[in-house]
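Letter by letter, the chains look like this.
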Amino acid sequence: MPALNGRPGGVTHPRLTHNEAESRGADAMSDPRAPDAAGEKRLAYVAKQSTGIMAYQFIGLVIGLGSNLVFARILGADLLGVFVLAQTTLLLLSLLASFGMGPTLLRFIPVQLSRNDKTGAAGVFFAGSLLAVAATLVTIAVLLLGRNVLAGTIFNEPRLLSLVPIIALGILPAALIKIYGFTLRAIRQASQETFCLEVVFKVAKLAIFLALFAAGLKLVGATWALTASYAAATGAMFLIIDRRAPYITRGPRTAGVSYRTLLSFSVTMTFVGFMNYSLSITDRVMLGILSTSESVGIYNVAFLISNTLSLIFMGFNNAFAPFISELYHNERHRELSDLYSSVTRTLLIIVTPALIWMIGFGDDVLRLFGSEFPTAYAALVVLGVGVLTRSAVGSVGTLLLQSGHQNYNAFNIVAVTAANIGLNLYLIPRYGFLGAAIATSVALAAINIVGLIEVKLLLGIWPYRRSYLKLVLAGAVALAGNLLLRASTPHLGVCALIGILAATFIVFIGVLAVLGLEEDDRMLMRRAAAWIERVRR
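All values derive from a computational prediction rather than experimental measurement. (Residues numbered from 1 in each chain as written. Predicted model: local features only at pLDDT ≥ 70, side-chain atom pairs only at ≥ 80, totals over all residues. Heavy atoms only, no water.)

Enquirer: Run through the overall build of the chain, naming residues and quoting values.
Expert: Along the chain, the regular secondary structure elements total 19 helices and zero strands. Taken across its 537 residues, the chain has 57% of its residues classed as buried. Taking contacts inside the chain between residues at least 6 apart in sequence as the whole, the part at least 24 apart equals 85%. In the form shown here, the chain has an accessible surface area of approximately 21,700 Å², with 67% of it arising from carbon and sulfur atoms. (Helix = DSSP H or I, 4+ residues; strand = E, 2+ residues; numbered from the N terminus. Buried < 20%, exposed > 50% of the residue type's maximum accessible area, 1.4 Å probe, protein only. Contact = heavy atoms within 4.5 Å. Areas by Shrake-Rupley, 256 points an atom, 1.4 Å probe, with all protein chains shown as cover.)

Enquirer: Let's hear about the confidence of the model for the chain: which residues, and what values?
Expert: Detailed reading of the predicted coordinates is not advisable wherever pLDDT falls low. On average, the chain scores 80 in pLDDT, and the residues at 70 or more come to 86%. Mean pLDDT values over the elements of the chain span from 39, in helix H1 (residues 18-30), up to 93, in helix H8 (residues 219-244). For the stretch residues 1-35, pLDDT sits under 50, and the model shows 62 contacts to residues farther than four places along the chain or on other chains. (pLDDT = per-residue confidence, 0-100.)

Enquirer: Describe helix H18 (residues 494-515), naming the residues involved and giving the relevant values.
Expert: Taking 1.5 Å per residue as the helical rise, H18 with its 22 residues ought to reach 32 Å, and the 32 Å between its terminal C-alpha atoms agrees with that figure. All of the buried residues along H18 are Leu497, Ile500, Thr504, Phe508, Val511 and Leu512. For H18, the angular spread of buried residues about the axis comes to 110 degrees, placing them on one side. Of the exposed residues in H18, those oriented more than 90 degrees away from the buried face are Cys495, Ile498, Ile506 and Val514. A positive phi of about 115 degrees marks glycine 516, the residue just after H18. (Expected span 1.5 Å × (residues − 1). Arc of directions from axis to C-beta.)

Enquirer: Before we move on, could you go through the environment of tyrosine 277 and cite the residues and values that matter?
Expert: Considering the arrangement of structural elements, one finds tyrosine 277 in helix H10 (residues 259-290). Along the primary structure tyrosine 277 and leucine 91 are separated by 186 residues, whereas in three dimensions their C-alpha atoms are 8.6 Å apart. If near-sequence neighbours (up to four positions away) are discounted, tyrosine 277 is found in contact with Gln87, Thr88, Leu91, Leu92 and Leu95.

Enquirer: How would you sum up the packing of aromatic side chains? Please name residues and give values.
Expert: The tally for this structure, following the rule as stated, stands at nine aromatic pairs. On the basis of an interplanar angle of 50 degrees and a centroid distance of 4.8 Å, the ring pair of phenylalanine 201 and tyrosine 230 is categorised as tilted. Remark: tyrosine 230 occurs in helix H8 and phenylalanine 201 occurs in helix H7 (residues 190-214); sequence separation between them is 29 residues. With a relative accessible area of 8%, tyrosine 230 lands in the buried category. Taking the centre distance of 5.3 Å and the plane angle of 90 degrees together, the rings of tyrosine 464 and tyrosine 468 count as edge-to-face. Taken together through their ring pairs, the aromatic side chains of Phe71, Phe83, Phe209 and Phe213 make up a single cluster. Against the face of phenylalanine 71 rests lysine 205, its NZ or CZ located 5.3 Å from the ring centre. Directly above the ring of tryptophan 462 sits lysine 456, whose terminal nitrogen or CZ lies 5.4 Å from the centroid. (Phe/Tyr/Trp six-rings, centres within 6.5 Å; stacked < 30°, edge-to-face > 60°. Lys NZ or Arg CZ within 6 Å of the ring centre and 35° of its normal.)

Enquirer: Tell me about the pattern of salt bridges, and please be specific about residues and values.
Expert: Throughout the structure, instances matching the rule amount to eight salt bridges. For arginine 284, the salt bridge identified is with aspartate 283, shortest N-O distance 3.5 Å. You can call aspartate 283 buried: its relative accessible area is 0%. Put simply, arginine 486 and aspartate 364 hold a salt bridge, and the shortest N to O gap is 2.8 Å. Remark: aspartate 364 occurs in helix H12 (residues 333-367) and arginine 486 occurs in helix H17 (residues 468-487); sequence separation between them is 122 residues. Of the two residues examined, arginine 486 and aspartate 364, each falls in the buried class. Overlapping salt bridges bring together Asp363, Asp364, Arg367 and Arg486 as one network. (Salt bridge = Lys/Arg side-chain N within 4 Å of Asp/Glu carboxyl O.)

Dropping the structure here:
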């Protein structure tokens, strides 16, 4: 593991010293800080982008739940499991094909723009896209040559064989969607990335599948819909980049960053991305290997529901990411620390009530997908707790990556992925998909807690203040209310579940208000109220 002193490559950047960090943390705990003008402006931007992201995520959530319901009802648990394996294969191969260029562009484009070097930013975008296309062609060739191994040896699922050509066609758009999505984050248009992923992609996927199902295609139709929806979302992202930042797509280009530097960073990012994705899909892949396609299908529904909490995390993380690169590499570390603390607390305010609702009524939510799916309720709760841990820690992985400490992130992921595989091997044969959920949540908690410690040691940043204790009390009150209500009510429908979710948020925020809101909370709630008023109009 790399030494804990300075930045990789021998370049040392100033950071908060231990005494400065402790002093700042102590001051914050004893006297809640009103953010300065620059800090409030940045938090307001993150809040604005996150509000847009969450609005699109809410729309995507509705579309996604409806889409997953349609897919589950039409395909059934068995065919749905095969489709999940095909989808997982496409996502993994597209991750390799993108060659780590998405995070690489997010690392270098904001730095070029902070120096007002638009031609350098355009050069980085062009070079990254070109390298990703070359890697995609190699990936497609490997898939076609190894299709029998994939379907027969790895998954023991012959029905995958006929889907391989369709998967191959989807690799390029699925790889480019990562390049263009990270570029939108780099130019501070993260909400537009979310619009394409949550609205364009999901609407296209559902509409195309229904059209192909009407023509008599089920599993093949679902796979074609997946590939075509990636193409639609990728095209939409490129058009948005071209409109919002034409200097990126059409302007003159210069080598703002050398190919060698890009490749050096992207190789690490490819490895990190592959291991990150491996960590995220280990549960479903190993269920497919050690159990049945039906188990994969049932578990996947629980995973998708719990993943709605991760979408909230990703919304804030995507809006926060360009500031990390800009502030750290311009040596504005105290501002970065304050923004990290504010973003993490805001995340907890949103994620905690949603998890409490899942704990109380997750079985009813699962029942909407079919009579066999409530068996995954315990797995849903365990997965949700894992996401809460991730939210409580905040954007530690992105902080390490964007501050030039990507090697630490790589080491963390390798260690935790190995542990996750071992846990799945042990737990799945004994506990089925509940074992997969336990292994995944333990791994997720481990990598984030280790990352939190590294961020403190490397950057001198610590997000927590005494005001966080108010969140614990508010969560306890909201959880008690949900459990009491659950014990006294029968199985509920969609409208009742939505009403209880809204009531859980009201109780949670109401308790916070009684205990005393922070200045950041007031600012964010003003923005939320303004957004609600615009929607009403």
